[in-house]
Amino acid sequence: MTVYVEKVVKKLFVFQMICLNVFLINAHADNSDLNVCESFKNNGTYQCSVFTGDFWSQNSAQIACEEGDVSRGKPGNYEQFRCDPKPVKGVCFFNKDKNDEYARCGVDDSVLSCWWNGGQWSSNKELIENTCFPPAPNDKEIVNVSDSLEEILEYGEIFGACDKYFADVDNASRRQMLLCGKWMYFYEHFNFFGAPTQLFTFMQKVLPNTVGKGWEKMGMFTNPYDEQELPIGLADAPDFPGSKIPTVNWTCASCHFGQTPDGRFVVGQSNVNYEYGLQLLSIGLFPQMAAGQVNENEHAPEAIAAIQPMLDEWNSKPNYWELIKTLLPLLSLPQQTPMDIEQEKAFASWKAGVQDPVMFPNETNDDVHSPLKILSAYGIPTPAEFADAGHDPMSHVRIGWAGGMHDLYRFGRTFVALGTDDPQDWGDEKLKPLVEYMYSLKPPKNSESLSQSLIDQGEVLFKSKECSKCHNGPRYMSLDVFDFDEIGTDEAQKWYFDAEKDFGEPVPNIYPEEPLILTHSIKAPRLSGLWTQDKFLHNGSVDSLEDLFCIDHQRPTIMEEPYSDRGHMFTCDNLTRDEKLALIEFLKSI
């Protein structure tokens, strides 16, 4: 009996969306409809009305006002208010954690300008308008950080949002467009079938301790609006070709929706707990082994060991009736190519939050095993930001670890090419809601109690130790890519889409009309939201910031490719322990 699941196409959107590391504060000095709070002393304490007198804050660290100052804030984000000099006219300040150097917008020589990360003044009108004066929300903000999954899914409002948006694009509000984009992020499968739905529901039911509802035991989250309690990130997809077997397929949210250490759900966060390799092994091997249809000698011992806890749970309480109901309808499906032993070994070797997005069962297998840490999908710079930083946005904006994808629109069409739709039918206007939604995502604020003194020391060291020489772009990502010899990290990724190592065209060339650029290099990733992560270096081989900085032991500890934790020794060498701790504190504050 064969289980036909290995045709699964893993659509990993290594999306890295634009996300300012600041909460924008809308304010013109003379605009009375914005939140304005006048500071004053009351019994020796500076106070501030954060919402036209409805609420008063006495948090001195938050306000830090002096008499005559005015605090401006974006409506609804009361915790983000600060006070700025009232005499400065025509300015809009915004900050992060009271750090004025992140961004400052104002008037310079009568030209609306914006100060970026201590850099140069810009007159890029589009960039400034989208940051200093973002579009006002329609009715309410889109919620992308919450401790409620129902709120994350807009209490069901995203369902049908794209029908409403595309029915009248010209008159649709920005909120309607973002709701559509949010639905696409969680549910769009680009018309490509996935794995039989009954395999997922069967394993949820019979393996509550090793799989669990919503595959929560493998790091996913139960969708509160799914009647079958499937996980967020698996969406109903077309039936298996030539059959009436329903399938589910992976969406952006399977990998790029996570939970912070303090328990908040965040759209765009890399799911560091998602065990994708184990999930592939389990749906490919467990049902057959439970039915006694597998010769263990024909499979990788590492793969058998990985799913052994599931087999133990099944053997303690088998449910053969459910097994028969699940597998019998699948007998009519055409036989698929099974995993080979090397592929099974690879899946078994991946840590949670790490995967190779271009290998079997993905039809775009590039024949290069290069496991990669899932990148957070917030903070991808727009072409306008790259142009403002002095980089040619027409080359590419560094999407993906190799930094070789042009932009989000082209990246989206590449995924369309994996399915049955024609990528040319997915023009910029059709992809716009998804792309704009991704640009809207922001990293969560760190809720930990951090030392401002250490943060300040770390920020100075970040510049003086030349960390900013590589991390020199928006959100501290690099504007360029670097040779592996220069960084010293594991080189398996160098041959991504180039198994022949001939430096030719990408193989396979998924969408020749807008081809991937082979850089044979690695980028310095964005550092926003780094405090939520527990995997570092491009292959996820380092398990903490402390290990990255060699606080308690030296690296490398693993030399085997593609799992080596060697390289990026800038964080280990020529730094004192105190300097390392200060840099870590600064990184956690970004």
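Residue numbers run consecutively from 1 along every chain, following the written order of its sequence. In keeping with the model being predicted, local features are shown solely for residues with a pLDDT of at least 70 and side-chain atom pairs are shown and tallied solely at 80 or more, while totals for entire chains, interfaces and linings include all residues. Side-chain figures throughout are based on the complete set of non-hydrogen atoms in the structure, without hydrogens or water.

### Quick word on the side chain of Gln 288
In step 1: Helical segments are the DSSP runs of H or I of at least four residues, strand segments are the runs of E of at least two, and each set is numbered from the N terminus. Structurally, Gln 288 can be placed in helix H8 (residues 276-290).
In step 2: Within the local environment of Gln 288, its side chain forms a polar contact with the backbone oxygen of Gly 284, the two atoms lying 2.6 Å apart. Here a polar contact is recorded for every N or O atom pair within 3.5 Å, except that within protein the pair must consist of a potential hydrogen donor and a potential acceptor, and residues adjacent in sequence are included only if both atoms are side-chain atoms.

### A word on the sheet that holds strand E11 (residues 145-146)
In step 1: Taken together, the three strands give an open sheet; going across it, the order is E11-E16-E15, and neighbouring strands pair in antiparallel fashion. In the strand order of this sheet, the two ends are held by E11 and strand E15 (257-259), each with one partner.
In step 2: As paired strands, E15 and strand E16 (residues 265-267) are joined by three bridges and run antiparallel to one another. For Phe 257, the partnering residue across the bridge sits in E16 and is Val 267. Here, strands pair whenever DSSP counts at least two bridges between them.

### Topic: unusual backbone geometry
In step 1: A cis amide bond, omega 0 degrees, links Val 507 with the succeeding residue Pro 508.
In step 2: Position of Pro 508 among the secondary structure elements: in the loop between helix H17 (484-487) and strand E20 (522-523).
In step 3: A cis amide bond links Glu 561 to the next residue, Pro 562, at an omega of 10 degrees.
In step 4: As for its position among the elements, Pro 562 is in the loop between helix H18 (545-548) and helix H19 (577-589).
In step 5: The backbone of Tyr 155 shows a phi angle near 50 degrees, a positive value even though the residue is not glycine.

### Some remarks on the state of the cysteines
In step 1: Note on terminology: disulfide denotes any pair of cysteine sulfur atoms within 2.5 Å. In total, this model carries two disulfides according to the counting rule given.
In step 2: Between the sulfur atoms of Cys 162 and its disulfide mate Cys 180 the distance is 2.1 Å. Given an S-S torsion of about 100 degrees, the disulfide between Cys 162 and Cys 180 has right-handed geometry. Highlighted residues: Cys 162 in helix H4 (residues 161-167) and Cys 180 in helix H5 (residues 174-187), separated in sequence by 18 residues. Taken as a pair, Cys 162 and Cys 180 share a single burial class, namely buried.
In step 3: Here Cys 550 engages in a disulfide with Cys 572; their sulfurs sit 1.9 Å apart. A torsion of 65 degrees about the S-S bond marks the disulfide between Cys 550 and Cys 572 as right-handed. You can see Cys 550 sitting in the loop between H18 and H19 and its partner Cys 572 sitting in the loop between H18 and H19, a full 22 residues away along the chain.
In step 4: For the exposure calls, accessible area comes from a 1.4 Å probe over protein chains only, and a residue counts as buried if that area is under 20% of its type's maximum, exposed if over 50%, partly exposed in between. We classify Cys 550 as buried; its relative accessible area is 4%.
In step 5: A relative accessible area of 5% means that Cys 572 is categorised as buried.
In step 6: Note on Cys 252: no disulfide assigned, nearest cysteine sulfur contributed by Cys 255 at a separation of 9.4 Å.

### Observations concerning the sheet that holds strand E13 (residues 234-237)
In step 1: With antiparallel pairing, the three strands of this open sheet are ordered in space as E12-E14-E13. Looking along the sheet, the strands with just one partner apiece sit at the ends: strand E12 (195-196) and E13.
In step 2: Note: E13 against strand E14 (residues 247-250), four bridges, orientation antiparallel. Counted as the bridge partner of Ala 237 is Thr 247 from E14.

### Focus: helix H9 (residues 301-316)
In step 1: By this rule, a helix spans an expected 1.5 Å times one less than how many residues it contains. Across its 16 residues, H9 extends 22 Å between first and last C-alpha, which sits within 8% of the 22 Å expected from 1.5 Å per residue.
In step 2: Fitting axes to the seven residues ending at a residue and to the seven starting there, one defines the bend at that residue as the angle between these axes. At Gln 308, H9 shows its maximal bend, which comes to roughly 50 degrees, and the proline Pro 309 appears one to four places after that position.
In step 3: Along H9, the residues classified as buried are Ala 303, Ile 304, Ile 307, Met 310, Leu 311, Glu 313 and Trp 314.
In step 4: Between two residues, a contact is recorded if the distance between any of their heavy atoms is within 4.5 Å. Looking at the buried residues of H9, the elements they touch are helix H6 (197-206), H8, helix H10 (320-327) and helix H11 (341-349).

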